[in-house]
Structure formats: structure tokens, C-alpha cells
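# Coordinate analysis (summary)
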Amino acid sequence: MNTPVIGVLALQGDVREHLIALAAADAVARPVRRPEELAEVDGLVVPGGESTTISKLANLFGLAEPLRERIRGGMPVYGSCAGLIMLADKILDPRSGQETFGGIDMIVRRNAFGRQNESFEATVDVTGIGGVEGVFIRAPWVESVGAAVEVIAEHDGHIVAVRQGNALATSFHPELTGDHRVHELFVEMVREKHTAGSR
């Protein structure tokens, strides 16, 4: 599989930017809004946006449970900003009724870096990639991780990127920068999973 099919959860958030970044990273990129569309992809990106809204809409569209099942089954998944929150096993300060998809043994804090007007950009050193421009918009950070989680980037003493098995998550938005190396890393993760599964 040289060209994996990767979906972007298209319920809310910066879907278009992720579709463009994935295409630039040599993947076939498709929006995913329904369970049958989810069934057709090799991996999935959960974009930035509002984690509470994504949670509600995923339940409304009947996607939440199928998504959890696929993540548990090893489907590669990448979450940026709100997507990081959605991949956490636990949120420190959830809104009422807010649920996550899980997949990464971590505890996250929503809006940890501040409100919209406190958004900022900073160079972040990501393991295996090097320095990337991190766009932090009402960004969460990771409070703590389990033993199976690899911390791949920190900023200002806080964890801002992690990987656990086939799951990848960043507090920042690489899809907004024109630098596609984080997406290239994820596309490679999808390829490796497919190769391992076909042996």
C-alpha cells in the first residue's frame, strides 16, 4: 500500500486544512461523517475545533462507538488540539456530558495554554522530525501519561505531543503551517500498520 486512504473526521473544525496536508503527504484524503465512510479508511485524523462539539456530533451521527471500536482494534489515528483531547482516556476538566474516543493513556487539560487571544506560535522539537512551527490556539496540554505512552514533544515544561502504538496526538496545529512533516509521520504510521497486518 503505497498510497493509504486516510479520513478526516468532518463534523467540525479545520477539516479542509488536514485534507490538504494529508494529500501533500502522499495519502488519499477523504472527509468522514458516517460509519460507512469510517469503515473505508486505513487511518483517521481528528481535527482541531471544539472538543465538546465534536463529542456531541459524533454521538449524533452514530460515529462515536464505531470510532472507539476501530481505535481499540488498532486503526492508526492522529488528533491535533481538540483531537488530542478526543484521544485522551481522561480529561481533567470535562464539560458536562463530554466524552472522548480514547486510545492514548493520558490525562489532558482543556484550554491549558489560555483563551483565544492568548494563542501563539512557537518552535517545537518533535522526536524524529526536528523543529516544527507549533500553532497553539486555545490549546490543551497533557498533564500526565501512562507507561506505554512516548512523549515526543514538550513546550515550556508541558507535554504537547505524544504517541502510543498507532495513535499520535499534538496540542498544536501543524495543518495550519504548510509544513507537512507531522502528517508525513502519520501517513508512514498508517503504511507500517497495513504492512504489519498483511504479513
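Values in this document were obtained by computation on a predicted structure and should not be read as measured data. (Residues numbered from 1 in each chain as written. Predicted model: local features only at pLDDT ≥ 70, side-chain atom pairs only at ≥ 80, totals over all residues. Heavy atoms only, no water.)

## Some words on the overall build of the protein chain
- For the protein chain, the count of helices and strands is six helices and twelve strands.
- For the protein chain, the spread of C-alpha atoms along the three principal axes comes to 40 × 40 × 35 Å.
- When each of the 199 residues of the protein chain is scored for burial, the buried share is 50%.
- When contacts within the protein chain are restricted to residue pairs at least 6 apart in sequence, those whose partners lie at least 24 apart make up 64%.
- Summing over all exposed atoms, the protein chain offers an accessible surface of approximately 8,800 Å²; the carbon and sulfur share of this is 45%. (Helix = DSSP H or I, 4+ residues; strand = E, 2+ residues; numbered from the N terminus. Buried < 20%, exposed > 50% of the residue type's maximum accessible area, 1.4 Å probe, protein only. Contact = heavy atoms within 4.5 Å. Areas by Shrake-Rupley, 256 points an atom, 1.4 Å probe, with all protein chains shown as cover.)

## Structural notes on the pairing of strand β7 (residues 120-126)
- As judged from the seven bridges shared by β7 and strand β8 (residues 130-136), these two strands associate in the antiparallel manner. Paired with E121 across the strands is V135, a residue of β8.
- Connecting the antiparallel pair β7 and β8 is a turn made up of three residues, with G128 showing a positive phi of about 85°. (Pairing = 2+ DSSP bridges.)

## Brief notes about helix α3 (residues 51-60)
- Burial in α3 covers these residues: S51, T52, I54, S55 and A58. On an axial view of α3, the arc spanned by its buried residues comes to 165°, and they lie on one face. Opposite its buried face, α3 presents the exposed residues K56 and L60, each directed more than 90 degrees away.
- The inward-facing, buried residues of α3 abut β1 (5-9), α4 (64-72) and α5 (82-87).
- Where α3 terminates, the next one or two residues include G62, which has phi positive at roughly 70°. (Arc of directions from axis to C-beta.)

## Observations concerning unusual backbone geometry
- Its identity as a non-glycine residue notwithstanding, C81 has a phi of 55°, on the positive side.
- As for its placement among the helices and strands, C81 is situated in the loop between β4 (77-80) and α5.
- A relative accessible area of 5% places C81 in the buried class.
- We note that N111 has phi near 50°; this positive angle belongs to a residue other than glycine.
- Structurally, the position occupied by N111 is in the loop between β6 (104-109) and β7.
- The exposure class of N111 is partly exposed, given its relative accessible area of 31%.

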